[in-house]
Amino acid sequence: MGLRTGVAAAIRRGIVFEKFSNAVIKATPAFPGRSIWYNKDSWGGYRVISRKAIEHLKGAIFLKDLEAQSDHEAISKMLDLLRSHPEVCNFEMFAADVFDRQQTDPPLFPGGVAFPHARTDGVMTLVMAVATCRKPIQFGDISVRLIFLVGVPKRAGGDYLELISFLARQIRRDRAMERLTGAEDMPGFIARFVDPA
Amino acid sequence: METNGEIEQKTTLSPLLRRLLRLQFWLVEHLRPSERQSTLIWAALIGALGALTSEAFRKTSDFVLHLATGSSSGIISGFANLTWWQRLIVPTVGGLLAGSTLWFGSRLVAGGKQKTTTDYMEAIVVGSGIISARASIVKSLSALLSISTGTSIGREGPLVQISSLVASLIGRVRNIPIPQRRHLVACGAAAGIASAYKAPIAASFFVAEIILGTVVVESLGPLIIASVVAAFVTQMLGNSEPLYKSSGFNLHTRWEIIPLSCVGILLGFSAPLYLGFLRSAERLFSKIVLPVPLKLALGGAIVGGLAILNPDVCGNGHGLLRSIFHQYWFWDEVLAIIVLKLLATATAFGSGVVGGVFTPTLVVGAGLGVLYGEGILYLAPQFQSDPAMYGVVGMGAFLAATTGAPLMAILMAFELTLDYSIAPFLMVNCVVAYYCSGIFEKRFMYGESLERKGAAFFNQQLAAVNIRDLVRRDPITLPKNATFAQIAETFVQHRFQHVYIVDKDQKLLGAISLHDVKTFLDRPELESVVIAADIMDEDFPRVSPMHGMNDALHKFSEAHSERLPVVDDMVSKRLIGSISKTDIILHLAGDQSAAATSRQFR
């Protein structure tokens, strides 16, 4: 169903559309319910932005201009940001699981993005830290400028896949890296994420 | 030349010989009965024998009744002629004798070598079609003593038991295969019911609808033959009239259709209460710790006490039903007899008397129907309603609501009265009552018993199955660092719902479910960042050959999966294969070759 038809049906149901920017629309139902965000895709249509992923991003800790000599140091610094996170119940386990996962097969995205993560009993819900790097950090052969550190409870495999899929898809867009690494804080980062213009 | 002459002679005779041979083959081919046709012949024989044994039981029962009460004109009039203390003593002594028969008989039967059942329903549905002859005779003798001394329990129970036993014996003697033997026992049961109620159509549908759970022609055909032959033989023996022949009902006004169509609602909602009452009585008596003879004597004494108040409570209720349909009863009399009959039946049923509650159920349904009809007559006298008409409709509706078999109930009520004018109302009310009852009652009268027996049989079969015999040795596995692309490819190539993740020593680490990843399979962006270890379920249920099949089924329900991984033991967790639900079911169904084939090709 195209957006036009969808909008017509939605208006009949009392859904209020609000233009967030040239590329993003926010739809709020008339009855109590969560807003849904759409953004423009490369074909000129609109697609639903993963609400869950956005919520995870909203709860993430942002670190601008991370500096580190190695991937290990970079991950350690980001882990420190989550040490006192209320959803981290066993920091040592969480950290050990992240490094263990890095050793198995470092999750890297071509273009300079690292996804150090772990499914672990050390966290109660999905926790995340985001870091941008002014100076690229070497993760093996890849120079990384953007890092997403994610801790996922063992039972939340679906959430994890949805989040990673969403992040990876957004990062593949043109000039995404330049725009995202230019963010000053988390709200700015999210705005650049949902609004590719 | 001589040789040539012989040859010539042979060739001259051969066309005739060939024709004769051809005729012989044709006759053999067309006239020799197939398995299906031979089932019909056996069904007819079983029907005849069922009717004869039922008649013998009836005559013996009448004789014992005569000994106990000195009456030959029915159980109610026999008890009506007794003094109050005799009404108390006769059922008590009858209960004591019936209980003693069961008690001593059970010791006698315990010595038998072959493991068989005494329950015809069990023999048909889950058993091998073999009914224990000794145990059946003991049970029938006990039932004979109870019924003939006034206990409020159905005589149809032992009648069906005996005719089923006859069918089972024929099956055993002729060494008939198990499925056909089960079918013959079903024919025996149908013959018993047909001869008890002179209702061949309803008898066929009773067995088909309640016991077999299907009314397809393949199974119904032999049941019909057995029932019709049984009913015919019963008629030949002098019982040609329908049990409660109606003198004809008329609607005085078309408006009466409205109250007449509502009988089913009342009876439908009453049925769960009735079934609950019977179950409560059973539970109550199970708490009384007494030897079987004393327990049945106690039951008999309570029935005797009720008989002092009103002898109509005695017996299965045939006489009472006739009286309700053919005489006028005041509403308070009907109410009183319903309460007393309920108490007497629940007491007999709860104390463990051998017999059925089919006829007592008809009595309660008819009584409630008559009560409702009298209410209508009081509220709308211009309708000039005949309460007996409501009684017949109520009887059918209550039967449908308690047995969960509306089709059988319609036919039974129709055949018992042979009144076509009431058939449309019967049909409507039986269906309505069945649906109303189904709102509150999920376990109908015979379903509960079958359910219990089926569960016991299933557990017994289950215990005999060994997991090791059903393991498939080559499960689909991936290492824990398999990329998302590899995982997706594996799911595309194989049609399994789960992929098992193992380490280099084949130790099971977890499983990935297709359900969890199917929406992401077309996302190329995940291929380089997600590996099997990220998404596997480490707690995925698994079994080992040490587990019993009950545990395995429990784990199947936990995993919501058609297949479970099998590890050699729960410590080393080395994956040795997988086990599928289908193989277990095929194995339990006795089709072990199919299970093996299934393992081989899947």
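Note that the structure is predicted; figures quoted are calculated from it, not measured.

Thresholds applied
- Residues numbered from 1 in each chain as written.
- Chains lettered and ligands numbered in written order.
- Predicted model: local features only at pLDDT ≥ 70, side-chain atom pairs only at ≥ 80, totals over all residues.
- Heavy atoms only, no water.
- Helix = DSSP H or I, 4+ residues; strand = E, 2+ residues; numbered from the N terminus.
- Buried < 20%, exposed > 50% of the residue type's maximum accessible area, 1.4 Å probe, protein only.
- Contact = heavy atoms within 4.5 Å.
- Areas by Shrake-Rupley, 256 points an atom, 1.4 Å probe, with all protein chains shown as cover.
- Pairing = 2+ DSSP bridges.
- Expected span 1.5 Å × (residues − 1).
- Buried area = accessible area lost by both parts, 1.4 Å probe.
- Salt bridge = Lys/Arg side-chain N within 4 Å of Asp/Glu carboxyl O.
- Polar contact = N/O pair within 3.5 Å; in protein donor to acceptor, adjacent residues only side chain to side chain.
- Nonpolar A, V, L, I, M, F, W, Y, C, P; charged D, E, K, R; others polar.
- 1 Å grid on protein atoms, 1.4 Å probe; cavity = no way out; pocket = protein on both sides within 12 Å on 5 of 7 lines; lining within 4 Å.
- Points joined across faces, edges and corners; volume = space filled by probe spheres on them.

Let's talk about the overall build of chain A
Right, on to step 1. Across its full length, chain A carries 7 helices and 10 strands.
Right, on to step 2. By the burial criterion, 47% of the 197 residues in chain A qualify as buried.
Right, on to step 3. The contacts in chain A between residues at least 6 apart in sequence include a share of 58% that link residues at least 24 apart.
Right, on to step 4. Approximately 9,900 Å² of chain A is accessible, and the part contributed by carbon and sulfur atoms is 52%.

What to know about the overall build of chain B
Right, on to step 1. When you go through chain B residue by residue, the secondary structure sums to 26 helices and 5 strands.
Right, on to step 2. Burial analysis of chain B (602 residues in total) assigns 52% to the buried set.
Right, on to step 3. Once local pairs closer than 6 in sequence are excluded, the contacts in chain B between residues at least 24 apart make up 73%.
Right, on to step 4. Carbon and sulfur atoms provide 62% of the accessible area of chain B, an area that totals close to 28,100 Å².

What to know about the pairing of strand β2 (residues 498–502) of chain B
All names here are of chain B.
Right, on to step 1. Counting buried positions along β2 gives 5 out of 5 residues, so the element sits mostly inside the fold.
Right, on to step 2. Judged by which residues are buried, β2 turns out to be covered on both faces: His498, Tyr500 and Val502 on one side and Val499 and Ile501 on the other are all buried.
Right, on to step 3. Bridge count for β2 against strand β3 (residues 508–513) is 5 bridges, and the pairing is antiparallel. Paired with isoleucine 501 across the bridge in β3 is glycine 510.
Right, on to step 4. Counting the residues between successive antiparallel strands, the hairpin from β2 to β3 contains 5 residues, one of them, glutamine 506, with a positive phi of roughly 65°.

Description of the pairing of strand β4 (residues 563–567) of chain B
Every other side chain in a regular strand lies on the same face of the sheet, so the side chains alternate between the two faces.
Residues and elements named next belong to chain B.
Right, on to step 1. With 5 of 5 residues buried, β4 is to be regarded as a mostly interior element.
Right, on to step 2. Burial along β4 is two-sided: the residues Arg563, Pro565 and Val567 and Leu564 and Val566 are all buried.
Right, on to step 3. Note that β4 and strand β5 (residues 575–580) share 5 bridges and pair antiparallel. When the bridges of β5 are listed, valine 566 appears paired with glycine 577.

Points about the side chain of Ser146(B)
Residue and element names in this part refer to chain B.
Right, on to step 1. Its location among the elements puts serine 146 in helix α6 (residues 133–148).
Right, on to step 2. You can call serine 146 buried: its relative accessible area is 1%.
Right, on to step 3. Here serine 146 is in contact with Ala98, Thr151 and Val353, once residues within four sequence places are set aside.

Digging into helix α9 (residues 200–212) of chain B
In an α-helix, one turn spans 3.6 residues; hence positions three or four apart end up facing the same way.
Residues and elements named next belong to chain B.
Right, on to step 1. Between its terminal C-alpha atoms α9 stretches 17 Å, which fits the 18 Å expected from 13 residues at 1.5 Å a residue.
Right, on to step 2. Taking burial as the measure, the 13 residues of α9 include 10 buried ones, the bulk of the element.
Right, on to step 3. Within the span of α9, buried status applies to Pro200, Ala202, Ala203, Ser204, Phe205, Phe206, Val207, Ala208, Ile210 and Ile211.
Right, on to step 4. Among the residues trailing α9, glycine 213 stands out with phi positive, at a value near 75°.

Quick notes on the interface of chain A and chain B
One frequent convention defines the size of an interface as the accessible area lost when the parts assemble.
Right, on to step 1. Chain A puts 21 residues into the contact, and the matching count from chain B is 20 residues.
Right, on to step 2. Buried surface at the junction of chain A and chain B, summed over both partners, amounts to about 1,600 Å²; 56% is from carbon and sulfur atoms.
Right, on to step 3. When the buried area of chain A at its contact with chain B is split by residue, Thr104(A), Arg119(A) and Leu161(A) rank highest and sum to 31% of it.
Right, on to step 4. Summed over the shared surface of chain A and chain B, the number is 2 salt bridges.
Right, on to step 5. Residue Arg101(A) pairs with Asp534(B) through a salt bridge whose shortest N-O separation is 2.5 Å.
Right, on to step 6. Taken together, the connections running from chain A to chain B amount to 8 residue pairs in polar contact (both at pLDDT 80 or more).
Right, on to step 7. Elements with a contribution of two residues or more to the side of chain A that touches chain B: α4 (91–104), β6 (108–109), β8 (117–119) and α5 (157–171) of chain A.
Right, on to step 8. Looking at which element gives the most residues to the side of chain A that touches chain B, the answer is α5(A), with 8 residues.
Right, on to step 9. Split by residue class, the side of chain A that touches chain B holds 9 nonpolar, 4 polar and 8 charged.

Quick look at the pattern of salt bridges
Opposite charge on two side chains allows them to pair when their charged atoms are near.
Right, on to step 1. Across all of its chains, the model carries 11 salt bridges over all chains by this definition.
Right, on to step 2. A salt bridge links Asp80(A) to Arg83(A); its shortest N-O distance comes to 3.3 Å.
Right, on to step 3. Using a relative accessible area of 44% as the deciding quantity, one classes Asp80(A) as partly exposed.
Right, on to step 4. Accessibility expressed as a relative area gives 45% for Arg83(A), which makes it partly exposed.
Right, on to step 5. Measuring nitrogen to oxygen at the nearest pair gives 3.8 Å for the salt bridge that ties Glu55(B) to Lys59(B). Here Lys59(B) and Glu55(B) lie together in helix α2 (residues 35–69), a separation of 4 residues that amounts to about one turn.
Right, on to step 6. When salt bridges with common partners are traced through the structure, they connect Lys64(A), Asp65(A), Arg134(A) and Glu184(A) into a single cluster.

Some details on the layout of surface pockets
Residues and elements named next belong to chain B.
Right, on to step 1. Volume-wise, the second largest pocket comes out at about 690 Å³.
Right, on to step 2. Taken together, 32 residues make up the lining of the second largest pocket; nearest its centre are Arg58, Asp62, Arg155, His318 and Arg322.
Right, on to step 3. Of all the elements in the fold, those that place two or more residues in the lining of the second largest pocket are α2, α3 (75–80), α6, α7 (156–173), α8 (178–197) and α14 (318–326).
Right, on to step 4. Among the elements that make up the lining of the second largest pocket, the one with the highest residue count is α2 (6 residues).
Right, on to step 5. Of the residues assigned to the lining of the second largest pocket, the class counts are 10 nonpolar, 14 polar and 8 charged.

Digging into the environment of Cys430(B)
Residue and element names in this part refer to chain B.
Right, on to step 1. Structurally, the position occupied by cysteine 430 is in helix α19 (residues 423–440).
Right, on to step 2. Considering only alpha carbons, one finds cysteine 430 and serine 261, 169 residues apart in sequence, at a separation of 10.0 Å.
Right, on to step 3. With residues near it in sequence (within four places) discarded, cysteine 430 still touches Gly396, Ala397, Ala400, Pro406, Ala409 and Ile410.

Some words on unusual backbone geometry
Right, on to step 1. One non-glycine residue, Asp65(A), lies in the positive phi region at around 55°.
Right, on to step 2. Within the secondary structure layout, Asp65(A) lies in the loop between β5 (61–63) and α3 (71–82).
Right, on to step 3. For Leu418(B), which is not glycine, the phi torsion reads 50° and is therefore positive.

Here's the deal with α7(B)
All names here are of chain B.
Right, on to step 1. With 18 residues, α7 should cover 26 Å at 1.5 Å per step; its first-to-last C-alpha distance of 26 Å lies within 8% of that length.
Right, on to step 2. Burial runs high along α7: 14 of the 18 residues are buried.
Right, on to step 3. Taken from the residues just after α7, asparagine 175 is the one with a positive phi, measuring 55°.

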